[in-house]
Amino acid sequence: MTDRKGRQTKIRRRLISCVLAFVLTVSAVLPVNAMTLYESDWTYHKEGYIFVGESHVYLSAAVMNSRTDADGYVEGLKDVRYFYRNDSSISQDQYGNPNTMYMKGNLFFVYEGLNIPSERNTQLNKNYIYSDGNGAMGRGVEKIHEIINSNLNIEHWNIISYQGALEAHARSSAVCGDYVASYQNWITYEFPEADCYFLSIATMTGWYDNIADADAINNALAAAFPDQYLDYTAFLCARYPQGMRDPSLKTDNIHWNDETNIALIMDVLQSIQKNNNEK
């Protein structure tokens, strides 16, 4: 009997060791796909808003807190609630800076991050918003589903894509069909109950000076989705170049300053709310 108990104890220990080894191996091999964690505020909201995109969205997420009151509601908007914090609880970037973002409310921003190369490459690729209409999807689309599924307290969703700046700079005419096809699958397959909107890419900045077909994606989206395409060219031109980051402080010929990012997000939300009220 003693020998039997001893063998059982040894087997249990081996199993525990195997499980621990497996967990450690998986933890070491599998990348952490999401540095952004989306939570529910457990409050009913008639409308929810999800922005998905590249560095403009990343920067906007960090500064929108400055427009919220003590209860997290965005001042100047009806029932838009936003909580954001950034810490090192799960991830740090390559320089040791906090790289874990938490969001909750009914306003969310979808991105990977910018300081870790693998995350940046994922976020800037056209496959980030990919959908084939049969279940295959990019990481950005996965995150949108994660937000919707974890926030059942929100009745209706508005999804705003601000994606394609890098592709417009690199090979716009070659990939504009990919954006149209994926966004069409957003509307008919991925998020049929939501309203989807597609923002124009701000190609008036110096980063696009030598790109002959920089507006190919914008033109394709405007033609394919006349009701969903949001052209913010005039809005941003009114703030260019004064609204861009001071080149004496940082060489940057593509990003707007914090106030312009906030103004853009606020205007998009106000436009969507007006559109929803008119339905």
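Below or above, wherever it landed, is the structure these notes cover. (Residues numbered from 1 in each chain as written. Predicted model: local features only at pLDDT ≥ 70, side-chain atom pairs only at ≥ 80, totals over all residues. Heavy atoms only, no water.)

## What about the overall build of the protein chain?
Then comes step 1: The helix and strand inventory of the protein chain stands at 8 helices and 8 strands.
Then comes step 2: For the protein chain, the residues scored as buried account for 48% of the 279 residues in total.
Then comes step 3: Across the protein chain, contacts joining residues at least 24 apart in sequence account for 70% of those joining residues at least 6 apart.
Then comes step 4: Surface accessibility of the protein chain: about 14,200 Å² in total, with carbon and sulfur atoms responsible for 53%. (Helix = DSSP H or I, 4+ residues; strand = E, 2+ residues; numbered from the N terminus. Buried < 20%, exposed > 50% of the residue type's maximum accessible area, 1.4 Å probe, protein only. Contact = heavy atoms within 4.5 Å. Areas by Shrake-Rupley, 256 points an atom, 1.4 Å probe, with all protein chains shown as cover.)

## Points about the sheet that holds strand β1 (residues 36-39)
Then comes step 1: What the 3 strands build is an open sheet, ordered β1-β4-β3; its pairing is mixed. In this open sheet, the two strands that pair with only one neighbour each are β1 and β3 (82-92). Taking each pair of neighbouring strands and ignoring which way they run, the sheet shows an average axis angle of 25°.
Then comes step 2: One ladder, built from 4 bridges, connects β1 with strand β4 (residues 98-105); its direction is parallel. (Pairing = 2+ DSSP bridges. Axes fitted to C-alpha atoms, helices over the stretch in contact; angles between N-to-C directions.)

## Digging into empty space enclosed by the protein
Then comes step 1: For the structure on display, the rule yields 1 cavity of 30 Å³ or more.
Then comes step 2: Estimates place the volume of the largest cavity at around 60 Å³.
Then comes step 3: Lining the largest cavity, in full, are E54, H56, Y162, Q163, G164, A165, I201, A202, Y208 and I254.
Then comes step 4: Looking at side-chain class alone, the lining of the largest cavity contains 6 nonpolar, 3 polar and 1 charged residues. (1 Å grid on protein atoms, 1.4 Å probe; cavity = no way out; pocket = protein on both sides within 12 Å on 5 of 7 lines; lining within 4 Å. Points joined across faces, edges and corners; volume = space filled by probe spheres on them. Nonpolar A, V, L, I, M, F, W, Y, C, P; charged D, E, K, R; others polar.)

## Quick notes on helix α6 (residues 216-224)
Then comes step 1: Of the positions making up α6, those classed as buried are A216, I217, N218, A220 and L221.
Then comes step 2: Looking at the buried residues of α6, the elements they touch are α5 (165-190), β7 (195-199) and β8 (229-230).

## Thoughts on the packing of α5 against α6
Then comes step 1: Two elements in contact, α5 and α6, have axes whose closest approach is 7 Å; the angle formed by their N-to-C orientations is 20°. Judged by the inter-axis angle, α5 sits roughly parallel to α6. Contacts from E167, A168, S172, S173, V175, C176, Y179, V180 and Y183 in α5 reach A216, I217, A220, L221 and A224 in α6.
Then comes step 2: Split into classes, the residues belonging to the contact of α5 with α6 amount to 11 nonpolar, 2 polar and 1 charged. (Parallel < 35°, antiparallel > 145°, perpendicular 65-115°, else oblique.)

## Quick look at the environment of E112
Then comes step 1: In this structure, E112 sits in the loop between β5 (107-110) and α3 (117-124).
Then comes step 2: In the structure, E112 is positioned 57 residues away from S55 in sequence and 9.4 Å away in space, judged by C-alpha atoms.
Then comes step 3: A distance of 2.8 Å separates the side chain of E112 from the side chain of Y128, its partner in a polar contact.
Then comes step 4: Engagement of the side chain of E112 in a polar contact is seen with the side chain of K143, the distance being 2.9 Å. (Polar contact = N/O pair within 3.5 Å; in protein donor to acceptor, adjacent residues only side chain to side chain.)

## Focus on the layout of surface pockets
Then comes step 1: There is about 220 Å³ of room inside the largest pocket.
Then comes step 2: Considering the residues around the largest pocket, the lining is formed by K46, E47, Y49, K78, D79, Q273, N276 and N277.
Then comes step 3: Of all elements in the fold, only β2 (45-53) and α8 (258-278) reach the threshold of two or more residues within the lining of the largest pocket.
Then comes step 4: Residues of the lining of the largest pocket, tallied by class, amount to 1 nonpolar, 3 polar and 4 charged.

## Structural notes on the pattern of salt bridges
Then comes step 1: Evaluated as defined, the whole model comprises 8 salt bridges.
Then comes step 2: The shortest N-O distance in the salt bridge between R85 and D87 comes to 3.5 Å.
Then comes step 3: Look at R85 and you get partly exposed, because its relative accessible area is 42%.
Then comes step 4: Note that E112 and K143 form a salt bridge whose closest N and O atoms lie 2.9 Å from each other. Highlighted residues: E112 in the loop between β5 and α3 and K143 in helix α4 (residues 139-149), separated in sequence by 31 residues. For the residue pair E112 and K143, the accessibility class agrees, reading buried in each case.
Then comes step 5: Salt bridges linked by common partners bring R139, E142 and E146 together as one network. (Salt bridge = Lys/Arg side-chain N within 4 Å of Asp/Glu carboxyl O.)

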